[in-house]
Amino acid sequence: MKRRTFVQLLAATPLASTVHAKESEDAPKYKVVTPYKPAAAPGMPGPYPGKVVSVKSAKCLSDDGLKINDEVVREMMERGMRALTGDAKTIDSWRRFFTPEDVVGIKVNAGGRPWVVSSPPIVAETVRNLMEVGLKPQQIYIYERFQNQLDQVNYAPHVPEGMNIFAAERQNRRVDNSNYDPNVYAEADFFGEDDTRSNLIRLISQKVTKIINVPNMKDHGATGVTGCLKNIAYGSFSNVARTHFKGVSHTLSFVGTLASVEPLRSRTVLQIMDGLRGVWHAGPFAPTLKYVFFPRTIQFATDPVAIDRLLLDIIDDERKRRGAVSIWNRDEQTLDFNNGKNRDEDPNTNIIIREPRHVEYAAKLGLGVHDIGKIKVEEIEI
Amino acid sequence: MRSLALICVAALIALVAGAAFTADAQRAAEAAQRLPLIYWAGEIETAEGLKQAGIDQIAAPPDKAVEWRKAGFKVVAISQAELARREKLLVPRIAGRANVASATRRPWIDSNGWRFVRSPSGKFYYELPQGKAALAAAEAFAYGADAVLKIDPADLEEAGKMLAFLRGLPRENLPAIADIAVIDDGSLAMGEVLNLLTRRNLLFKLVPSPSPKFRVNLKLGTKQYPKSAAADPSEFAQKIRRQLGDENRSVRVYGTEVVICRLAGDGSRTRLHLLNYSGREADSLRVRLRGKYGQGVIKAFGIESAALEDFVTADGATEFSISKLGIYAVVDLPAMK
């Protein structure tokens, strides 16, 4: 969707206006508690606000899209990083962000297993470059919230021995909280839940000095899309599923709010959007190939908002191409909450009114550039 | 003459009030010392099993009391009819699928705390399936209830361990702390409201009339709280919570929605009871108490290494984490001047 179309839609749709008015009345009150101060130049939006390098290659996947070509991915990574920083040598690009003293977390996305996850070859290439910079495997952490998801993706065979693969919880059951920092949290009462806090993973607040965010191009039933912002926000805090309930979602404001919490905001210095495969409906999950599509793209940026602004169009265009309702559709007639099965079978069924404007909201918090006219996309074809 | 009459009336009121106070205080003191009783209808041949479980006091049918006493047990004789006259309690547990419940699909807890608060001099009994004896014992103890537990014999060892744990706790006789005053009309509707307040850790006290000492005074049938409002007790409890304000709550628990708290204190020290209804260990709870407290001590059933971690006082509140919580724990904290 082009920006002009977006603005027109808001102006022309009374329902949208009504909903927006209600949003401001119902906006949750947030209390953010953290002892960490922002860096002089926070990682988000970083040194390249509004800049996205998009590297595309038809050869990065097999014709059927099931196999990844490691060599092509490596070339895409090298070209993308050099284009982002303007350096002639790939290693110099990485050195702009990392030093041998850093402890680096790689925030992967394993939720869309098996088909739409942070691809092991992209993660492996990221690790290889960090080690080129001078980091030891022990200084690198692949992390995600849930161990069972990480286990299914199984990054270990793709990375050097001694590297850390870390999950904050065994699975999405909210029974183990010890890996969350009690002193860094965002508090809000969304639906009268008793536990009103979402705490940051201790690894982020107490261990890593830098974070690389490696999300995927995914539809999301609550947020519209899940890209850089949601991956780093909802993937780094506890107790976040409480924001959507009975068709209503508070992701509009909570995604950006979480991404802004220090030290997460300051330490997240690089965004590598894995768009080799994507999912255009029923995301963030992709248990089958039914809704998987193949953008065959990797994007590079320091600005998560800019990438996600592009992602809104990528997912919405794909949905339109397939005859599915827009991610901007707020018609309650499409809603069949608490019926994931129906949603999975019918791409015109939603379980929640989506909140794609969470990207714009994040921009207002200073996390990046949302205005499509101000986003500069450098496209590279390999 | 008139002055003399007034003095006499005042003296009489003071005497009655004093007597009432003494009775309340005595009841509270007794409750503080009270351990729940295991009702044991087994034959005397089962005595060894009880002894091995460390249980030396039971409730038993009157016709068996003598031989149990001869066997060295302290026995409270309770007939079947007496047992039936006691108020039967729910089996304390999570009803439903707590494993998959999210925060916005709050698990349903069957708890009895509100019944104990409503009837402080009541007599209660539990009829418990296997696996619930220890939690029931802890629940009754936390509220100082006069409760008898009919347990599954397979739970004897666990029940014995819990009773030993309860017996080993430092004795306290502290008044309950509450944030909400409730004028109880004794109705079923109000009972369900009390139930929901308990389950959401909204601490209340039953009072005969509204009291300015409380931020919220709740009386059904008033303009502010019409009886129709309590038709949805869950929503009603939520309304009360919002009126009180989370920041003003004496206790909050984060990281779980299946732990119920009871708080008691006298301004110099405070005891927090934590009852975990989930049937499994809770991991890394965060507790917030309104007020400033010094580093406290936790005693947790079945977890010797329990400690209060990440202890902080800020913004008029005290917070700490509990790394592991089994069925029950008490935290004793001194108030900070």
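All chains use their own residue numbering, which begins from 1 and follows the written sequence. The naming scheme follows written order: chains are lettered A onward, ligands numbered 1 onward. For a predicted model such as this one, the threshold for reporting local features is a pLDDT of at least 70, and the threshold for listing and counting side-chain atom pairs is 80 or more; totals across whole chains, interfaces and linings nevertheless cover every residue.

## Structural notes on the pairing of strand 15 (residues 282-290) of chain B
Residue and element names in this part refer to chain B. When DSSP locates at least two bridges between a pair of strands, those strands are taken to pair. The numbering of helices and of strands both runs from the N terminus, where a helix is a DSSP run of H or I of at least 4 residues and a strand a run of E of at least 2. Across 4 bridges, the pairing between strand 12 (residues 251-254) and strand 15 is antiparallel. Bridged to Val251 within strand 15 is Leu289. Bridge count between strand 15 and strand 18 (residues 317-325): 8 bridges; the pairing is antiparallel. Across the sheet, Arg286 pairs through a bridge with Ser321, a residue of strand 18.

## Thoughts on the pairing of strand 8 (residues 146-150) of chain B
A regular strand carries its side chains on alternate faces of the sheet. All names here are of chain B. A residue is called partly exposed when the number of other C-beta atoms within 10 Å of its own lies between 12 and 20, exposed at 12 or fewer, and buried at 20 or more, with C-beta atoms placed from the backbone. Most of strand 8 sits out of view: 4 of its 5 residues are buried. With 3 bridges joining them, strand 1 (residues 37-39) and strand 8 adopt parallel strand pairing. Among the inter-strand pairings, Tyr39 is bridged to a residue of strand 8, identified as Lys150. Pairing of strand 7 (residues 123-127) with strand 8, which is carried by 5 bridges, proceeds in the parallel orientation. The partner of Phe124 across the bridge, within strand 8, is Ala147.

## So, the interface of chain B and chain A
Taken together, the contacts link 18 residues of chain B with 19 residues of chain A. Within the residue set of the side of chain B that touches chain A, elements represented by two or more residues are strand 15 and strand 18 of chain B. Considering every element that reaches the side of chain B that touches chain A, the biggest residue donor is strand 15 of chain B, with 3 residues. Tallied by class, the residues present in the side of chain B that touches chain A amount to 2 nonpolar, 9 polar and 7 charged. Here, residues touch in the contact sense if the C-beta positions derived from the backbone fall within 7 Å of one another. Note on residue categories: nonpolar means Ala, Val, Leu, Ile, Met, Phe, Trp, Tyr, Cys or Pro, charged means Asp, Glu, Lys or Arg, and polar means any other residue, Gly included.

## Things to note about the sheet that holds strand 17 (residues 308-314) of chain B
Residue and element names in this part refer to chain B. Read across the open sheet, the 4 strands follow the order 12-15-18-17; overall the sheet is antiparallel. Strand pairing shows two members of the sheet lacking a second neighbour, strand 12 and strand 17, which therefore form its edges. The average undirected angle you get between the axes of adjacent strands in this sheet is 20°. In this analysis, axes come from line fits to C-alpha atoms, helices being fitted only over the stretch in contact, and the angle between any two N-to-C directions falls in the range 0 to 180 degrees.

## Considering the confidence of the model for chain B
Residues and elements named next belong to chain B. Think of pLDDT as the predictor's per-residue confidence, scored from 0 to 100. Across chain B, the average pLDDT comes to 90, with 87% of residues at or above 70. In this model, residues 13-21 is a region of pLDDT below 50 whose contacts with residues beyond four sequence positions or in other chains number 0 contacts. Contacts of residues 97-104 to residues separated by more than four positions or lying in other chains number 17 contacts, the stretch itself having pLDDT below 50. Overall fold confidence (pTM) sits at 0.89, and the ipTM for the predicted complex is 0.86.

## A closer look at the sheet that holds strand 2 (residues 57-60) of chain B
Residues and elements named next belong to chain B. An order of 3-2-1-8-7-4 is seen for the 6 strands of this open sheet, with the pairing classed as parallel. Whereas interior strands pair on both sides, the edge strands pair on one side only; in this sheet they are strand 3 (74-77) and strand 4 (87-88). Alignment of strand 4 against strand 7, held across 2 bridges, turns out to be parallel. The partner of Lys88 across the bridge, within strand 7, is Tyr125. Contacts between helix 3 (residues 62-70) and the sheet are confined to strand 2 and strand 3, with strand 3 contributing the most and set at about 170° to the helix.

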